[in-house]
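Here are the chains, one letter per residue:
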Amino acid sequence: MRSPHRMTQDTDRSPEAPAPTEAPATPAPRYGPYDSNPEWDNPYEQLAGLDDRAVDTFLQKDPDAFDAFESGESPAPVPPPPPAAPPRRRPRGRSAFRRALGHLSWGAKITVAVLVLAAFLTLGDRWAVLYAENKAEESLKNAMNLTAAPEVDIDGFPFLTQVAARRLDTVHLTVPDVAAGRVSLAEVSATGHDVRISGEGLTGIDGADIGGVNGEVRLSFDDLGRELGASQVTFTGKGTDRVLARGTLPVAGHELALRADAFIRRDGDRGVSTEVTGMRLDIGDLAVFRPGTGPNDGLHLTPSSLKKLTDETAKAKALLSVPAIVHALGVPDSQIRAALDNDRELADLLGTPAVVDDLLAVNLVDLAAAHPDVLRRLGIDPNLLDALTDLTRPQLADRLTLGFTLPELPGEGDVRLRDVRVEPDGILVRLEGTGVRFGK
């Protein structure tokens, strides 16, 4: 192989031109097989000037090139690479899924086909269930005059086979916020078993005959505050049949503390009744009002207020100056006069247990009728007394009643209460029924 840097003869020089007079420089000594030809460069120097990676690549492509380079022979020309084969065209219409199936056995293909068919059938069945549930919810909302649509859940799979047999296994119904007289039921839930449907096809269902019904009715204590209007009353379960009512009640511009007990009982097959007892309105720690006409009803002083009278001699003397009070105490007049003249005698008289009991038994309503100034001296507003006397026991009990009657269900059937129980967060009523019929 000839070096690209060899020295060529000058063809333009005339043969008759004289030789240069200067003596040629002594050439550098050469070694190797190419010393006889001064026109060739040293191949080792050429290799030294090449990039190592280029040399390696060159020798890897043609291992014989180095031997040829050493001997000075021209290497055989490297044949050009064969033309690249044209890319294979993917058959049209053949998806990746079909190509993957092409590598499966017939048994695996059948299994995949069955799974795909089952998935489509399941989706169709679930769509049919949702459609039927929505139609049932709309029908019940219109039939029961509900403000919100109920929630209907149909159990069982597959659903389409149940429709074909015109019989459903189980149907769940949940109706929130049902009006039941003065109160609103937080939730009514029921489960129907052995439901036979009538009509043609899925879209032509026009009625249902429910063999058995089990359900619950819940009256939440959290929702009862709004039932008492402007009052702020909280209810708490106590035992299995008792509800404690505690809060305040506005009367004649005064906020009076309210306390009452309500006993919950079953009233027939469809109702729940409430018996309100222990009703009282506290005017601070001064007096207690109990509506009614019994001996313990009316407006009475509290034990704590009587103890304070020993330190408030003016109020105590005003109370003992009323003949009706003196007559109620049954104390000799001489003792009363001594108490009015001497504070020590007054304290001793008011500390006598018998006298305290007699004073607690005095109805201030009757006292105010004859001596209205006495109540004012005791710190009781006469206008408040007038409002309290107008607040009768039935009126106050009606504000605290928790009774209700189950709303009428559309269609026919026998639905009745099974039991009533008070829980910490509300009243729970269990019901059952048979032969309930909806629609045609």
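The structure displayed is predicted, hence computed values, not measured ones.

What counts and how
Residues numbered from 1 in each chain as written. Predicted model: local features only at pLDDT ≥ 70, side-chain atom pairs only at ≥ 80, totals over all residues. Heavy atoms only, no water. Helix = DSSP H or I, 4+ residues; strand = E, 2+ residues; numbered from the N terminus. Buried < 20%, exposed > 50% of the residue type's maximum accessible area, 1.4 Å probe, protein only. Polar contact = N/O pair within 3.5 Å; in protein donor to acceptor, adjacent residues only side chain to side chain. Contact = heavy atoms within 4.5 Å. Arc of directions from axis to C-beta. Core = buried A, V, L, I, M, F, W, Y, C linked by side-chain atoms within 4.5 Å. Salt bridge = Lys/Arg side-chain N within 4 Å of Asp/Glu carboxyl O.

Visitor: Is there a simple way to explain the side chain of D261 in this structure?
Guide: Here D261 is to be found in strand β7 (residues 254-267). For D261, a relative accessible area of 13% puts it in the buried group. A polar contact is formed between the side chain of D261 and the side chain of R242, at a distance of 2.7 Å. Excluding residues that lie within four positions of it along the chain, D261 makes contacts with R242, V243, L244, R246, E275, V276 and T277.

Visitor: Help me understand helix α11 (residues 343-350) in this model?
Guide: Each turn of an α-helix holds 3.6 residues, which means side chains three or four residues apart point in the same direction. For α11, the complete set of buried residues consists of L346, L349 and L350. Viewed along the axis of α11, the buried residues span an arc of 90 degrees, placing them on a single side of the element. At its buried positions, α11 is contacted by α7 (303-309), α8 (313-320), α10 (333-341) and α12 (353-360). Of the residues flanking the start of α11, the one acting as N-cap is N342, its side-chain oxygen 2.7 Å from the backbone nitrogen of R344.

Visitor: Could you clarify how one ought to interpret the nonpolar core in this entry?
Guide: The tendency in soluble globular proteins is for nonpolar side chains to be buried as a group. L319 and F404 are the most contacted members of the largest nonpolar core, which has 90 residues in total. Not counting the four nearest positions on each side in its chain, F404 is found in contact with A180, V183, L185, V217, L219, R270, G271, V272 and V429.

Visitor: How should I be thinking about the pattern of salt bridges in this particular structure?
Guide: Where charged atoms of side chains with opposite charge meet at close range, the side chains can pair. In total, this model carries 14 salt bridges according to the counting rule given. The partner of E423 in a salt bridge is R218, with the nearest N and O atoms 3.2 Å apart. You can see E423 sitting in strand β12 (residues 412-423) and its partner R218 sitting in strand β4 (residues 204-220), a full 205 residues away along the chain. According to the relative accessible area criterion, R218 is partly exposed, its value standing at 25%. As a salt-bridge pair, D285 and K308 come within 2.8 Å of each other at their nearest N and O atoms.

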